[in-house]
Amino acid sequence: MTVSPRSPRPFPSSAHSTAAPVRPVPARKEHRERPNLTDPSFWQLPHVARAEAFARLRQFDEPQYFVERPGSRWRSERGFHALVTHADVVEASRNAQVFASAPGATTPEPARWVRALFGDSMVNLDAPRHTQLRRIVSRAFTPRILNRTEEDIHAVATRIVDDLLASRPDDFVTAVASRMPFEVICNLMGIPERERPGILDQVNSASGDIGVARDARTRLRMPGKGLLALARMQGMIANLGRERRRAPTDDLISALVRADIDGQALTGRQLGAFFSLLMVAGVETTRNAIAHGLDLLSRHPEQRELLLSDFERYADGAVEEIVRYSTPIIQFRRTVTRDHRMNGHDFRRGDKVVLFYASANRDESVFPDPDAFDITRSPNPHVGYGGGGPHYCLGTHLAKLEMKALFGELLTRVPQLRSAGDPVLVPSNFDNRVRSMPCAGVPVPG
């Protein structure tokens, strides 16, 4: 069947224009089973069903358009083009001049007053501001800090497994997966032990409303609660930044606030925004990848045995395949800055596109047998850390080191450890979050 033409949408006006042309939109083909990515119930489907739906979307000749808010006499239509193929996601990622992160890469886009109050995260910025901030952060990761962090990663992994053997917990996420990236990031940043429980509480509160399975009362309450937690957390980090300017130590906060890149360092608000980003990009995503990793190795015992047979040989491939298969970040949004043709499809200035990494990582034209979990998959050009370009994840190397070190400790010292049931997932169109996951196989002491 066909879809009726959507209403013409005016281009967004700029400071140099008072009128904008109206874009005529042709009718589009629609498959009988075309999924609705804007329906919250879609994101509550089992992952297998969602993967099948994205496979159908990849069969269309062009990116499908989804209406988020129908147009009316008083307001224009709001919607996005879904980029679901590997080729589209990679090309849009690498062409930041056309596919911009500003005004917001998340869904929904941050409100102007939120950006003014908390500052812009790097994920929502483009050149030259993004380039400048990324340069400051990159230069702060000195060889000395990186070497010390790599040593610390192994020490944290050892300590976590020591505690696992001593306490024999029921929930793998809280006892293992969450601890690894949080402790590494706190050690890297130089967060005092006394501040860590408070920061963890604020992180949990700030991220607690990510998802789509919430009742009306919760939807009204959670955003305010999350923003308050974010404000508290950023205030705590800004205070630490002021302390380190006066009395620097050998940590990343000191390096960031005292960096001299083109005469600039991170301000207190920029430091807070960067730390908030680390908590998502550096903690939440790695925690989810670790949890999914144990579950995948438990569900595919032949892959687990292969990894155990020669850990150093297969560990890097296992980490890559865990990230591809689980895709911790499902999608990011971009705004088209000018009329542009990509892979046979025309985009117009002001269009919104959403890069669905979870779909690109199952693209059968790039990954043979994409639904198979195979730690020997090579090549494995997944987009689990982004599709390349200026927004490719800064913490990729760190995340890989954490996962490899932790699984090395777990599989060597607790070889029978496994997931003991289905992971409890948070329905979300943003991240593939694991709330909790039972585990078993930890030996009884003595």
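The model shown is predicted, which means the values in this text are computed figures rather than measured ones.

**Remarks on the sheet that holds strand 11 (residues 352-356)**
The strands making up a sheet are joined through hydrogen bonds of the backbone, oriented either antiparallel or parallel. Strand order in the open sheet formed by five strands is 5-6-11-8-7, with mixed pairing between adjacent strands. This sheet does not close on itself; its edge strands, each paired only once, are strand 5 (64-69) and strand 7 (99-100). Packing of helix 2 (residues 86-94) onto the sheet brings it into contact with strand 6 (78-83), strand 7 and strand 11, and relative to strand 11 it is tilted by some 120°.

**Observations regarding the packing of helix 7 (residues 179-189) against helix 15 (residues 396-413)**
Between helix 7 and helix 15, the least distance of the axes is 11 Å, while the angle of their chain directions is 130°. Here helix 7 is positioned oblique relative to helix 15, judged by the angle of their axes. Regarding helix 7 and helix 15, the two cross each other, and that crossing is right-handed. Together, M180, P181, V184, I185 and L188 of helix 7 and L398, E402 and L406 of helix 15 make up the contact between the two elements. For the contact of helix 7 with helix 15, a count of residues per class yields seven nonpolar, no polar and one charged.

**With respect to the confidence of the model for the protein chain**
This prediction gives the protein chain a mean pLDDT of 86; 87% of its residues lie at or above 70. Per-residue pLDDT stays below 50 along residues 1-32; that stretch engages in 50 contacts with residues further than four places along the chain or on separate chains. Residue range residues 213-224 is modelled with pLDDT below 50. Its contacts to residues more than four positions away, or to other chains, number eight contacts.

**Considering the environment of R435**
Turning to its location among the elements, R435 is positioned in strand 14 (residues 434-436). Linking R435 and N288, residues 147 residues apart in sequence, is a C-alpha distance of 8.7 Å. Setting aside anything within four residues of it in sequence, one finds R435 in contact with V173, R287, V424 and V426.

**Description of the packing of aromatic side chains**
Each aromatic ring pair is specified by the distance between its two centres and by the angle formed by the two planes. Going through the model one piece at a time under the given rule, you end up with eleven aromatic pairs. Ring centres 5.9 Å apart and planes at 85° place the aromatic pair F42 and F54 in the edge-to-face group. In this pair, F42 sits in the loop between strand 4 (28-29) and helix 1 (47-57) while F54 sits in helix 1, placing the two residues twelve residues apart along the sequence. Here the two residues F42 and F54 agree in accessibility, since each one is buried. Between the aromatic rings of W43 and F54, the centroid separation amounts to 6.2 Å while the plane-to-plane angle is 50°, which identifies the pairing as tilted. Of this pair, W43 sits in the loop between strand 4 and helix 1 while F54 sits in helix 1, and the two are eleven residues apart along the sequence. For the pair shown, W43 and F54 are each scored as buried. Through pairs of rings, three or more aromatic residues link up here, namely F42, W43, F54, F66, F80 and F356. Between R34 and the ring centre of F66, over which it is positioned, the NZ or CZ distance is 4.1 Å. Directly above the ring of F367 sits R324, whose terminal nitrogen or CZ lies 5.3 Å from the centroid.

**Re unusual backbone geometry**
The omega torsion across A102 and P103 is 5°, close enough to zero to call that bond cis. Summarising the element assignment, P103 is placed in the loop between strand 7 and helix 3 (112-118). The omega angle of the peptide bond from S378 to P379 is 0°, so this bond is cis rather than trans. Of note, P379 is situated in the loop between helix 14 (357-360) and helix 15. Despite not being glycine, R168 shows a phi value in the positive range, around 45°. Within the secondary structure, R168 sits in the loop between helix 5 (143-167) and helix 6 (172-177). Taking the relative accessible area as the measure of exposure, R168 reaches 38% and is therefore partly exposed. Here N343, not a glycine, exhibits a phi torsion of approximately 50°, which is positive. With respect to the helices and strands, the residue N343 is situated in the loop between strand 9 (340-342) and strand 10 (345-347). By relative accessible area, N343 is classed as partly exposed at 46%.

**Comments concerning the nonpolar core**
Counting 79 residues, the largest nonpolar core has F172 and M189 as the members making the most contacts within it. It is helix 11 (residues 268-299) that contributes the most residues to this core, 13 residues altogether. Other than its neighbours up to four places away in sequence, M189 contacts R244, D251, L252, I253, L256, L271, F275 and L278. Judged by nonpolar contacts, the second largest core, of 18 residues, contains A105, F332, M342 and Y357.

**Details of the pairing of strand 11**
Most of strand 11 is tucked away: five of the five residues are buried. The side-chain alternation of strand 11 yields two buried faces, one formed by K352, V354 and F356 and the other by V353 and L355. Direction of pairing for strand 6 relative to strand 11: parallel, over a ladder of three bridges. Residue pairing across strands places L83 opposite L355, the latter belonging to strand 11. As paired elements, strand 8 (residues 331-336) and strand 11 share five bridges and run antiparallel to each other. The residue of strand 11 that forms the bridge with R334 is V353.

**With respect to helix 12 (residues 301-309)**
For an α-helix, the turn length of 3.6 residues means that residues three or four places apart are oriented alike. Residues Q303, R304 and L307 constitute the buried set of helix 12. Seen along its axis, helix 12 keeps its buried residues to an arc of 100°; they face one direction. In this structure, the buried side of helix 12 is in contact with helix 11, helix 13 (311-326), helix 15 and strand 12 (418-419).

Cut-off values and rules
- Within any chain, residue numbers begin from 1 and follow the written order of that chain's sequence.
- Per-residue local features are limited, in this predicted model, to residues with pLDDT of at least 70; the limit for side-chain atom pairs, both in listing and counting, is 80 or more; totals at the level of whole chains, interfaces and linings are taken over all residues.
- The basis for every side-chain value is the complete set of non-hydrogen atoms in the structure, without hydrogens or water.
- Two strands pair if DSSP finds at least two bridges between them.
- Strands are runs of DSSP state E lasting at least 2 residues, helices are runs of H or I lasting at least 4, and numbering of each runs from the N terminus.
- Residue contacts are counted whenever heavy atoms from the two residues lie within 4.5 Å of one another.
- Only C-alpha atoms enter the line fits that serve as axes; for helices the fit covers just the stretch in contact. Angles between N-to-C directions range over 0 to 180 degrees.
- By definition in this entry, angles of less than 35 degrees are roughly parallel, angles greater than 145 are roughly antiparallel, angles of 65 to 115 are roughly perpendicular, and the rest are oblique.
- In this scheme the crossing of two helices becomes right-handed for a clockwise turn of the near helix relative to the far one and left-handed for an anticlockwise turn of less than a right angle.
- Residues are grouped as follows: Ala, Val, Leu, Ile, Met, Phe, Trp, Tyr, Cys and Pro are nonpolar; Asp, Glu, Lys and Arg are charged; every other residue, Gly included, is polar.
- The quantity called pLDDT is the predictor's confidence in a given residue, expressed from 0 to 100.
- Stacked, edge-to-face and tilted labels apply to pairs of Phe, Tyr and Trp rings (six-membered ring for Trp) whose centres lie within 6.5 Å, assigned for plane angles under 30 degrees, over 60, and everything in between, in that order.
- Burial classification: accessible surface area is computed with a 1.4 Å probe over protein chains only, and a residue below 20% of its type maximum counts as buried, one above 50% as exposed, and the rest as partly exposed.
- We call a charge positioned above a ring when the Lys NZ or Arg CZ atom is no farther than 6 Å from the ring centre and deviates by at most 35 degrees from the ring normal.
- Residue types Ala, Val, Leu, Ile, Met, Phe, Trp, Tyr and Cys, when buried and joined through side-chain atoms within 4.5 Å, form a set referred to as a nonpolar core.
- Note: the arc covers the axis-to-C-beta directions of the helix.

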